[in-house]
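Read off the chains here:
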Amino acid sequence: MILILIFIIILYLTDKKFYALIGFFFFLTDGFQLLPEEFFWIAGKEIKSQDYALVFLIAGLFSTILLRKDLKLNYFPFGLKIFSLFFLLTIAISLLHYHIPYIETIKSTRLFLLFLSPILFFDLSYEDINRLKKNLFIITLFLSAVYIFQPLSGIKLLNGYAGMGKMEIAGFTIKRFYNLPFFIYYFVFYSIFSSPFKGIKKYLSILLIITPCVLSMHRSLILGITMTVLLSLLIQKASLNVKAKALIMVMLFAMPFTSIIWERFEKGGTFKEMTQILNGDVSSLDYEDELENKTLLFRFGHFYERASHVSKSTISILFGSGWMSEGSPYTQSNFDFIIGLPDKETDEIIQIDTSDITWSQTIVRLGYLGTLIYCFFIVSLLLFFYRKRENTIAMISFSSIMLFAITSFTSVLLFSPLMFILPLIDYFCLSEVYEFDKKELCLSRS
């Protein structure tokens, strides 16, 4: 893998950026979720595939900064710049105030470098960026097809945490797999608003990419996609006739899955949970059962316990409790949460890391102030895309970020820098400074 990494860095430095960036996404997604983790190890030592992507990113950043003297901070959203300054401050506090070892701090913060990824695309034309997205879309379609075979065969075929729970639906036992293709959340909306295909191919691609989301039996994801599509159709600058046709298309696609989705919501207790929580009646819920099944009450309890811990000191209220890593001696000696999933190896409650709720992560890592600043970044990004909603690119990113927000109480997508790479590239492409620089570049070449 080191040779492949060196090869794509050379490609990038020799102005063959398109192929190099395909390699960048290859490493970002664990070899497009097809290669065993051991393929990325070095001399028997466990190395994450995303660490290769970070090395590529750092090499690309240095080359761009050295070669481009006119690099501007305008390439990034204002909210991200504010968050980045605060983020650096939390790292300093983690090291100097909490005395968390710097290795732990680097391990916990390194993926936030991905917020700088748009710089890698500085010299790419619209055509190359669109071609890159089309290739990633086709790869995601292929991975969606592979994913569909998982619940049918009961065999894990893609990398990532699979879960492999079971659901009884319509008299059939269906195995649940959580290892959805990495960028499916973005490309669901890409297939709807900006598909490179026409006619029957377009509708088949939409069906292919939506099916894994339904087969995952992830209630909030299904509900989130439905709500986001309807909201996007409502705000989109299009004629009433176009919106009506799009709504009919959405309903037609949803019809084959209606009975499956309804039964999943009933069996998962979604309607019962929502009614009781809205009525303030949580005393009648079986709390142990809620924790075991990771329901809404479990997630509220998970967040509340960690928020209460952060509230014990002024420094943690403002800046969080630090960037410690899960399972480290520091974490074991400073945290003793009782609500959470057990570690499969140690059977101890997982203290920091979670895939169940965004806000438990933000409140511990960033504190109350940092969570507000991060929310400001998200809202500012949404508003930017909303203002440019006549552009299909803007609608795709608006929809994907809105999906992350809607599912933030049942996932950590909203706090995953990996999920923001494509939306930030779209921001870069839609920003005025990009338009100006591309015109200047064309004039200088003519």
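Everything numeric in this text was worked out from a predicted model, so none of it was measured.

Caption draft 1: Here's a closer look at the overall build of the protein chain. Scanning the protein chain from N- to C-terminus turns up 20 helices and two strands. Here the protein chain holds 446 residues, and 51% of them are scored as buried. Sequence separation of 24 or more characterises 72% of the internal contacts of the protein chain that already satisfy a separation of 6 or more. Accessible surface for the protein chain amounts to roughly 21700 Å². Of this, 67% is attributable to carbon and sulfur atoms.

Caption draft 2: Spatial organisation of the side chain of Ser144. Within the element layout of this structure, Ser144 appears in helix H6 (residues 126–153). Classification of Ser144 by relative accessible area gives buried; the value is 0%. The contacts of Ser144, once residues within four sequence positions are left out, are Pro181, Ile184, Leu208, Ile209 and Pro212.

Caption draft 3: Spatial organisation of unusual backbone geometry. Here the phi dihedral of Phe32 falls at roughly 55 degrees; this positive angle occurs in a residue that is not glycine. By the secondary structure assignment, Phe32 is in the loop between helix H2 (17–28) and helix H3 (49–67). When its relative accessible area of 15% is taken as the criterion, Phe32 is described as buried. Phi at Gln33 takes a positive value of approximately 60 degrees, unusual for a residue other than glycine. Tracing the backbone shows Gln33 in the loop between H2 and H3.

Caption draft 4: Representation of the pattern of salt bridges in the model. Evaluated as defined, the whole model comprises eight salt bridges. Two residues, Asp356 and Arg299, come together in a salt bridge whose shortest N-O distance is 3.6 Å. Taken together, the residues Asp356 in the loop between helix H16 (329–334) and helix H17 (358–387) and Arg299 in helix H14 (residues 296–310) connect sequence positions 57 residues apart. For Asp356, a relative accessible area of 3% translates into the label buried.

Caption draft 5: Looking closely at H17. With 30 residues, H17 should cover 44 Å at 1.5 Å per step; its first-to-last C-alpha distance of 26 Å lies more than 12% under that length. The largest bend in H17 amounts to roughly 115 degrees and is located at Leu366.

Rules behind the numbers
Residues numbered from 1 in each chain as written. Predicted model: local features only at pLDDT ≥ 70, side-chain atom pairs only at ≥ 80, totals over all residues. Heavy atoms only, no water. Helix = DSSP H or I, 4+ residues; strand = E, 2+ residues; numbered from the N terminus. Buried < 20%, exposed > 50% of the residue type's maximum accessible area, 1.4 Å probe, protein only. Contact = heavy atoms within 4.5 Å. Areas by Shrake-Rupley, 256 points an atom, 1.4 Å probe, with all protein chains shown as cover. Salt bridge = Lys/Arg side-chain N within 4 Å of Asp/Glu carboxyl O. Expected span 1.5 Å × (residues − 1). Bend = angle between axes of the 7 residues up to and from the residue.

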